[in-house]
Amino acid sequence: MKILISIILSALLAYAAGIYGNLPWWSFVITNLIVAMAIPQKAFYSFLSGFVAIGLLWCGLAILLDQGNDHILSMKVATILPLKGSYIALIAVTTFMGALLGGLASLTGSFARATK
Amino acid sequence: MRLLPLIASAILTTGLVFTLDTQLKIGNSKAPRLGYFLSPQHGFWKNAEKINTNFDATIIANELKGNVDVYVDDRLVPHIYADHDADAYFVQGYLHAKFRLWQMDFETRVASGRLSEIAGADKLPIDRFFRRLGMVYGAEQTEANINATNPLMKATLDAYTAGVNAYIKQLDPTDLPFEFKLMNYVPEDWTPKKTYLFLMFMSYDLTGRSANADLQLTNTRDFLGYDLFDKLYTNKQDSLDPIIPKGTDFAKPSIIPKKPSNSDSSYLHTTNALAINNVAMPEAPDKNNGSNNWAVSGSKTKSGRPILCSDPHLGLNLPSLWYEIQITTPTHSTYGASFPGSPAVIIGFNDSLAWGVTNAGRDVFDYYEIKFKDSTQNEYWYNGAWKSTTKRKEIIKVKDSTDVIEDIAMTNWGPTMFDAHYQNPQSNGRNLAVQWTAHSTSTGVETFYQLNRAKNYEDYLHAISLWTCPGQNFVLATKTGDIAIKQQGRFVARWERQGDFIMPGEDSSYAWQGIIPNDENPMIKNPARGFVSSANQPATDPTYPYYLGAASAFPLYRGISVNKHLTSMNQITAQDMQALQTDNYNVFAATARPAMMRYLQLDKLSNDAKRMVNEMTNWDLNNSVNSKGITVFKIIWDSVEQAVWGDELAGSTIPLTKPEAFVLLDQMNKDSNWVIADDIRTKDKIENFKDQVTLGVENATKKLSELEKENKLEWSLFKATRILHLTKMPVLSRLNLPIGGGVNIINATTENHGPSWRMIVHLTDEIEAYGLYPGGQSGNPGSPYYDSFVNTWAAGQYYRFLFLGKEKLKQNARTKWHLQFKAA
């Protein structure tokens, strides 16, 4: 249950922070940290919540924008990066990058709480 | 003890944030900040525009005097309806920014030598070139002049600038155009100076070829000696069909340019000069920067009303140089192609008339050699005395590095482009100053402002009289039945060959002796033949009292083709004009093929070569998409040229310029024993055209056989026309387009150059107009409107323009969206 609340709260706060374009793109690192400190969980579960929260958020948003765009831009970017033009690979990279950073942020938060 | 894991995980997290927030170097270029770029709420995903985006919007702006309605049609073309002229330009600026902001920023950065600021030291050679050429200097001259003397243009530029900035101001950082995110920088405020810089760039693009050509011509003359040079690079064009028909009388010139008495020894025949070349320069403006335009009078059309056509040939890029727009205010209603970066319509029509432009190609750019007293460059020798220079400091900011400062000595000629600090080893310390009409003040933007409002021939004449640089052929057709064409610009009254080479700058004897008065510029109105036309050929035959410039600046054959067609056409419709504008007939090959066949010794050819010759002779002389004959012809002709003058040009350590194709063709047609045909490297034998054509065909066959193996003999596969994104990134470009045409063809589409805007205007009561450009209205690579016209353009098809009053347009089935601009 805790993990579910943690995931939902992390994703919501990350999304909210992302709405403000003047905040840096990594604002979710801070919000994840706060959530992990507020909701105590074992290190692994904290990591998992942060990982899943941001992974789902980024994956969902990317798919939503990409579907509406008929993959026009994602296929171009997936050639620049280079991912052989595969929009699926690009969504996967996007998802994993956000998820990993989200997980690490939450993990740090959970350690910080435990250290107090 | 949880401290250790905390520290470890905190370091890992911040380390990852830091890495993903840094531009990493990948190969030669820098990658975007990956975390930012991939973040779906900040990065590129936000630029993935919804396929069925609703562009309806309400915009409130303090700067507006009244409300403005913009209706946007299904091709994303905005139709602006404003009650005040200034408001219309405010909205034009806003829309340019909304759809083309990155391109506007990038192009003016190129023009002002500020690429290094965003892209790093790699771009320094380009920046230094444009700074030293005086691009910023020229823009400043124009800005100062307009601010001091032209309140109307100043107000227009201010309104346009305010519009661009209103868009930038409301732009959320997450909605920055894609390329800003990719290259990791942000737009800065627009200024009127940026508009002048953009127009300077057009001057460079259309007259700056001399920056390279004058050096190469000088090198070539030095290498060959003037006598041989004058044979190979002759200015006599036998087949010339000029813009002003042959036999037209010209008024007595008010200036008679006098050749300096020592010009033979100190200028034409001097060979001790070591010209500068190979300085890192940006790509020189394309030799084929040109265009077609023509107008036919009602006597030749089915409707009895004139039809005007204009297709400017420029480098093909995405986002396109052009942006389609309609501007309607109580003073005028105008439609056409605009430049993102400048107010008003540049090529278009209003409810009274239509106009178009082609490049005049006249030489308005010269180098003068300067003798400085010492390395401080504080004084230079001029007319028998040491004269002081002024210094102009150009500070180039470089990303991740220290500033680079160009300290430019300004002379009476202009800026010192090449000197000890800017040259290659071969230049041997030569100092060259540039004199260029683009450096003088101009009110060029006013020409378009006035043309947008012109009602008749007199208004047109007045509008273009304000035009200075780059010289253009302005074509006109009015609803009342007038057609006209005039070559207009600030043109130098030159003596023969003046400025083709670097000129001595130590005294005034080689100076420009005057600017040709406007009313002596070539023009023609309502000629008996029922049409006017231009295709970058020389404006006049040699009876015109002024020298136009080296023949290499003037392609001949498109003009011949256009005039031939127009002469024979009658009962013309707009559809006939579409066919003509996209015509692929090769008038050069029509003469060159039989000329080669006359000399070809078929019996001496290999079987493969015979097969290729067969392919060429069976060709229908059209540069069509699937034609193999044109590829074979082109390779054979190039190879024959090489056989004829490759020997004369061999052995040079500096790059020389090639003679023009017309020189060889004219000689083949009149002198079968032309001395140049001999290969000077074979001492025991004197070759003639027979030998060289046969050799050329045999050499070409090797290359052609390779192409055949690679399956690249079909013209469009061989030519591989592409429209490059401004960064040249292939994935943002359109490559290998199935389109015919080429050099010397009315459909002048080459590898990455060609008709950048096609327009046909039939001046009936309700104007019937067609056209398009190879791009799309949106500059966003993530938009379906990014390249939406490209396939239609390649196929030679047209869109009918919606040119309607507000109420009619509002109700038109093709009108999709409504942007309301409201005064606050």
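Computed from a predicted structure; not experimentally measured. (Residues numbered from 1 in each chain as written. Chains lettered and ligands numbered in written order. Predicted model: local features only at pLDDT ≥ 70, side-chain atom pairs only at ≥ 80, totals over all residues.)

Attention now goes to the overall build of chain B. Within chain B, the secondary structure is distributed over 24 helices and 31 strands. The C-alpha radius of gyration computed for chain B amounts to 28 Å, which stays within 12% of the reference 28 Å derived for 824 residues, consistent with globular compactness. Judged by the C-alpha coordinates and their principal axes, chain B covers about 90 × 75 × 60 Å. Here chain B holds 824 residues, and the buried ones make up 53% of them. Residue pairs at least 24 apart in sequence account for 72% of intrachain contacts in chain B once pairs closer than 6 positions are excluded. (Helix = DSSP H or I, 4+ residues; strand = E, 2+ residues; numbered from the N terminus. Rg over C-alpha atoms; globule rule 2.2 N^0.38 Å. Buried ≥ 20, exposed ≤ 12 C-beta atoms within 10 Å, placed from the backbone. Contact = placed C-beta atoms within 7 Å.)

As a general point, the strands of a sheet are linked pairwise by backbone hydrogen bonds and lie either parallel or antiparallel. Residues and elements named next belong to chain B. Read across the open sheet, the three strands follow the order β8-β25-β26; overall the sheet is mixed. Strands with a single pairing partner mark the edges of an open sheet, and in this sheet they are β8 (317–318) and β26 (734–737). When β8 meets strand β25 (residues 721–725), the two strands line up parallel, connected through two bridges. Paired with L318 across the two strands is H725, which belongs to β25. (Pairing = 2+ DSSP bridges.)

Time to look at the nonpolar core. Nonpolar side chains in soluble globular proteins generally cluster together in the buried interior. Among the nonpolar cores identified, the biggest contains 210 residues, and V91, M200, A295, I307, L476 and V761 of chain B are the most heavily contacted of them. Sort the elements by how many residues they give to this core and helix α3 (residues 85–111) of chain B lands first, with 15 residues. In this structure, V761 of chain B is in contact with I307, L308, F349, A354, I767 and A769 of chain B, ignoring residues within four places of it in sequence. Formed by 41 residues, the second largest nonpolar core is a distinct cluster that contains I7, A11, V35 and L57 of chain A. (Core = buried A, V, L, I, M, F, W, Y, C linked by C-beta atoms within 7 Å.)

Another point: the domain arrangement of chain B. Each domain of chain B was delimited in the assignment, giving domain 1 (1–38) and domain 2 (587–719). Using C-alpha coordinates to define each centre, domain 1 of chain B is positioned 60 Å away from domain 2 of chain B. (Domains from an automatic or database assignment.)

Residues and elements named next belong to chain B. Looking at chain direction, strand β14 (residues 379–382) and strand β15 (residues 385–388) are connected through four bridges and run antiparallel. Note that in β15 the partner of Y380 across the bridge is K387. Adjacent in sequence and paired antiparallel, β14 and β15 are bridged by two residues, among which N383 carries a positive phi angle near 50 degrees.

The next thing to look at is the interface of chain A and chain B. Of the residues lining the interface, 33 residues belong to chain A; the matching set on chain B comes to 36 residues. Contributions of two or more residues to the side of chain A that touches chain B are made by α3 (43–68), α4 (72–80) and α5 (87–115) of chain A. When residues in the side of chain A that touches chain B are grouped by element, the largest group, twelve residues, is from α5 of chain A. In terms of residue class, the side of chain A that touches chain B is made up of 20 nonpolar, ten polar and three charged. (Nonpolar A, V, L, I, M, F, W, Y, C, P; charged D, E, K, R; others polar.)

All names here are of chain A. Closest axis-to-axis distance for the helix α2 (residues 27–38)/α3 pair is 11 Å, and the angle between their directions is 140 degrees. Classified by the interaxial angle, the pair formed by α2 and α3 is oblique. Regarding α2 and α3, the two cross each other, and that crossing is right-handed. Judged by residue contacts, F28, N32 and A36 of α2 engage S46, G50 and I54 from α3. Its residues assigned to classes, the contact of α2 with α3 comprises three nonpolar, three polar and no charged. (Axes fitted to C-alpha atoms, helices over the stretch in contact; angles between N-to-C directions. Parallel < 35°, antiparallel > 145°, perpendicular 65-115°, else oblique. Left-handed = near helix turned anticlockwise from the far one by under 90°.)

This part covers the packing of helix α19 (residues 629–649) of chain B against helix α21 (residues 689–709) of chain B. Residue and element names in this part refer to chain B. Their axes nearest at 8 Å, the elements α19 and α21 cross at an angle of 135 degrees. By the angle between their axes, α19 is oblique relative to α21. Considering the relative orientation of α19 and α21, their crossing is right-handed. Where α19 abuts α21, its residues T631, V632, I635, I636, S639, V640, A643 and V644 lie against Q692, V693, L695, G696, V697, N699, A700, K703, L704 and L707. Looking at side-chain class alone, the contact of α19 with α21 contains twelve nonpolar, five polar and one charged residues.

Residues and elements named next belong to chain B. Over its 15 residues, helix α10 (residues 210–224) extends 20 Å from the first C-alpha to the last, a length consistent with the 21 Å expected when each residue adds 1.5 Å. Here α10 lies mainly inside the structure; twelve of its 15 residues are buried. Within α10 the residues assigned to the buried category are S210, A211, A213, D214, L215, L217, T218, N219, T220, R221, D222 and L224. On the buried face of α10, the contacting elements are α9 (192–207), α11 (226–232), β13 (365–370) and α19. (Expected span 1.5 Å × (residues − 1).)

What follows concerns the confidence of the model for chain B. Summing up the model confidence of chain B, the mean pLDDT is 94 and the portion of residues at 70 or higher is 97%. Predicted as a complex, the structure gets a pTM of 0.96 and an ipTM equal to 0.98. (pLDDT = per-residue confidence, 0-100.)

This next bit is on the sheet that holds strand β21 (residues 483–488) of chain B. Residues and elements named next belong to chain B. With mixed pairing, eleven strands are arranged side by side in an open sheet as β3-β31-β4-β5-β9-β10-β11-β12-β20-β21-β23. Two strands bound the open sheet, and with one partner strand each, they are β3 (57–61) and β23 (523–525). For this sheet the average axis-to-axis angle between neighbouring strands, irrespective of direction, equals 15 degrees. Examined bridge by bridge, strand β11 (residues 347–350) and strand β12 (residues 353–359) share two bridges and lie antiparallel to one another. Bridge pairing in β12 places G348 opposite W355. Relative to the sheet, α3 contacts β4 (68–73), β5 (78–82), β9 (323–329), β10 (332–338) and β31 (815–823), its axis offset from that of β9 by approximately 160 degrees.

Here L81 of chain A and P82 of chain A are connected by a cis peptide whose omega angle stands at 5 degrees. Relative to the assigned elements, P82 of chain A resides in the loop between α4 and α5. Backbone geometry places N184 of chain B, a non-glycine residue, at a positive phi of 60 degrees. Checked against the element boundaries, N184 of chain B lands in the loop between α8 (178–183) and α9. Judged by local crowding, N184 of chain B falls into the partly exposed class, with 17 C-beta atoms found within 10 Å. Phi is positive for K728 of chain B, close to 70 degrees, though the residue is something other than glycine. Take K728 of chain B: it is sitting in the loop between β25 and β26.

On to the environment of I72 of chain A, then. Within the secondary structure, I72 of chain A is located in helix α4. Between the alpha carbons of I72 of chain A and Y87 of chain A there is a distance of 9.3 Å; along the sequence they are 15 residues apart. For I72 of chain A, the residues in contact, after removing those within four places along its chain, are A48, G782 and P784 of chain B.

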